[in-house]
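# Residue-level structural notes
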Amino acid sequence: MALGVAIALPAQAAERISIQVGPIKQTLYVSDLEEFAKTGQVPSRLRLYEALLTPEIRTMLNNRVSLNPDMADRMVADILASPNGELLLDSLSRVAPSLTVEQIRSAMRLAARQTNGLNMLGVLRAVPQETLEIDLTAALALVSQLNLSRQEGDALRSVL
């Protein structure tokens, strides 16, 4: 008898991202971000954001943390249970206020199992909502904080 592993897919997966800055809302499609990540070409529906869709953003969308599929759940759980993981979850819950911390945690675990690694687009596709609401101000603050941490790490490495 063959045994298979079933992965529970969310009833809905994020197809759209609703970005809000104050009273202004704009909708993006995850498929357009996937196309940009794959080809480097900006789809017509993203032309308004062309200046923001830099090679660094493309790299960020494509970067994958490789995980052994048999260990993905445990590794993601361990990472998210760490102090830095808790900070990340807290930050992400401010970026995506319509998601609970548990939904974010579940989306990350599901994405890690489905894609043999963890990347941003996989997590977006694993979100259990058809439209993911993003607070752009909180997202920019998080990206800025992550970039500053990377720059600090680079500076420290060059000194050492």
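See above for the structure.
Right, let's walk through the structure included here.

Parameters at a glance
- Residues numbered from 1 in each chain as written.
- Predicted model: local features only at pLDDT ≥ 70, side-chain atom pairs only at ≥ 80, totals over all residues.
- Heavy atoms only, no water.
- Core = buried A, V, L, I, M, F, W, Y, C linked by side-chain atoms within 4.5 Å.
- Buried < 20%, exposed > 50% of the residue type's maximum accessible area, 1.4 Å probe, protein only.
- Helix = DSSP H or I, 4+ residues; strand = E, 2+ residues; numbered from the N terminus.
- Contact = heavy atoms within 4.5 Å.
- Pairing = 2+ DSSP bridges.
- Axes fitted to C-alpha atoms, helices over the stretch in contact; angles between N-to-C directions.
- Salt bridge = Lys/Arg side-chain N within 4 Å of Asp/Glu carboxyl O.
- Phe/Tyr/Trp six-rings, centres within 6.5 Å; stacked < 30°, edge-to-face > 60°.
- Lys NZ or Arg CZ within 6 Å of the ring centre and 35° of its normal.

## Describing the nonpolar core
- Formed by 38 residues in total, the largest nonpolar core has its most connected members in Ile17, Leu46, Val76, Met108, Leu118, Leu132 and Ile134.
- Sorting the residues of this core by element identifies β1 (16-21), α1 (30-39), α3 (72-81), α4 (83-95), α5 (101-114), α6 (120-126), β5 (131-135) and α7 (136-159) as the ones contributing at least two each.
- A total of six residues in this core trace back to one element, the largest contributor, which is α5.
- Setting aside its immediate chain neighbours within four residues, Met108 contacts Val76, Leu80, Leu88, Leu92, Leu118 and Val123.

## Structural notes on the sheet that holds β5
- Across the sheet, three strands lie side by side as β2-β1-β5; this open sheet has mixed pairing. Two strands in the sheet have a free side with no partner beyond their single neighbour: β2 (24-29) and β5. Within this sheet the neighbouring strands show an average axis-to-axis angle of 25°, counted without direction.
- Relative to β5, β1 runs parallel, the two sharing five bridges. Bridge pairing in β5 places Arg16 opposite Thr131.

## A look at the pattern of salt bridges
- Counted by the stated rule, this structure contains 11 salt bridges.
- For the salt bridge of Arg45 with Asp32, the shortest nitrogen-to-oxygen distance reads 2.8 Å. Here Arg45, found in the loop between α1 and α2 (55-62), pairs with Asp32, found in helix α1; they are 13 residues apart in sequence, far enough to count as distant.
- We note a salt bridge from Arg105 to Glu86, for which the minimum N-O separation is 3.6 Å. One end of the pair, Arg105, is in helix α5; the other, Glu86, is in helix α4, and 19 residues separate them in sequence.
- Looking at Glu86, the relative accessible area reads 38%, which means it is partly exposed.
- A network of salt bridges, in which partner residues are shared, links Glu86, Glu102, Arg105 and Arg109.

## Remarks on the pairing of β2
- The pairing of β1 with β2 spans six bridges and is classified as antiparallel. Considered in β2, the bridge of Arg16 is made with Tyr29.
- What sits between β1 and β2 in their antiparallel hairpin is a turn of two residues, with Gly22 showing a positive phi close to 60°.

## Here we look at the packing of aromatic side chains
- A complete count under the given rule lists zero aromatic pairs for this structure.
- The ring of Tyr29 is capped by Arg45, whose NZ or CZ atom sits 4.1 Å from the centre of that ring.

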